[in-house]
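Close look at the chain arrangement
Each chain, written out:
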Amino acid sequence: QVQLVESGGGLVQPGGSLRLSCAVSGSIFSISSMAWHRPAPGKQRELVAFITRAGSTTYADSVKGRFTISRDNAKNTVYLQMSSLKPEDTAVYYCNLGSFNGRSYIANDYWGQGTQVTVSS
């Protein structure tokens, strides 16, 4: 059974930084793409960033240049380093295990429980 467990959320002032982690159980991690999502107005979720099993990364325009996604296959863990945080980044962040078809990230049914990030002074 695949389980995803996020951690690292919290309260941070505007301009601050946080690093989120998502630990994945099971051997499926190394052959999967991974992504971080957050709720967005008018959408079920916004794809914040994803990383393929080869290590290629893609970011939403809203976080490009501020967030960095990375993975450690030896630890079955994906990270989201968030810098220059803004109040509009406030959300519950969810990691997801999926796949990449060469053009788009495809989310599957494996989701973590979410970790709250609050950006406020």
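Anything mentioned here points back to the structure above.
Residues numbered from 1 in each chain as written. Predicted model: local features only at pLDDT ≥ 70, side-chain atom pairs only at ≥ 80, totals over all residues. Heavy atoms only, no water.

Let's shift gears to the packing of aromatic side chains. Scanning all chains against the criterion turns up two aromatic pairs. The interplanar angle of 40° and the centroid separation of 5.5 Å between the aromatic rings of Phe50 and Phe100 together place this pair among those described as tilted. With a gap of 50 residues between them, Phe50 in strand S5 (residues 43-51) and Phe100 in strand S9 (residues 91-100) connect regions that are remote in the sequence. Looking at Phe50, the relative accessible area reads 5%, which means it is buried. A connected cluster of aromatic rings, assembled from ring pairs, spans Phe50, Phe100 and Tyr105. Over the face of the ring belonging to Trp111 we find Arg45, whose NZ or CZ atom lies 4.0 Å from the ring centre. Across the ring face of Phe29, the terminal group of Arg71 is positioned such that the distance to the ring centre comes to 4.5 Å. (Phe/Tyr/Trp six-rings, centres within 6.5 Å; stacked < 30°, edge-to-face > 60°. Helix = DSSP H or I, 4+ residues; strand = E, 2+ residues; numbered from the N terminus. Buried < 20%, exposed > 50% of the residue type's maximum accessible area, 1.4 Å probe, protein only. Lys NZ or Arg CZ within 6 Å of the ring centre and 35° of its normal.)

Hydrogen bonding along the main chain pairs the strands of a sheet, whether they run parallel or antiparallel. With antiparallel pairing, the four strands of this open sheet are ordered in space as S1-S3-S8-S7. One side of each edge strand has no neighbouring strand; the edge strands of this open sheet are strand S1 (4-7) and strand S7 (67-72). Sheet twist, expressed as the average angle between the axes of neighbouring strands with direction ignored, equals 15°. By the bridge criterion, four bridges tie S1 to strand S3 (residues 18-24) in an arrangement that is antiparallel. Residue pairing across strands places Glu6 opposite Cys22, the latter belonging to S3. (Pairing = 2+ DSSP bridges. Axes fitted to C-alpha atoms, helices over the stretch in contact; angles between N-to-C directions.)

On to the side chain of His37. Among the secondary structure elements, His37 is positioned in strand S4 (residues 33-40). Each residue touching His37, except ones within four places of it in the same chain, is listed here: Arg45, Glu46, Leu47, Val48, Val92, Tyr93, Tyr94, Asn96, Tyr105 and Trp111. (Contact = heavy atoms within 4.5 Å.)

Another point: the pattern of salt bridges. Following the criterion strictly, the structure yields four salt bridges and no others. In this structure, the salt-bridge partner of Arg38 is Asp89, at a minimum N-O distance of 3.1 Å. Within this pair, whereas Arg38 is found in strand S4, its partner Asp89 is found in the loop between strand S8 (77-82) and S9, the two being separated by 51 residues in sequence. Each member of the pair, Arg38 together with Asp89, is buried. Salt-bridge contacts for Asp61 lead to Lys64; the nearest nitrogen and oxygen are separated by 3.1 Å. Judged by relative accessible area, Asp61 falls into the exposed class, the value being 67%. Because the salt bridges share partners, they merge into one network encompassing Arg38, Glu46, Arg66 and Asp89. (Salt bridge = Lys/Arg side-chain N within 4 Å of Asp/Glu carboxyl O.)

Coordinates in, geometry out; function isn't part of it.
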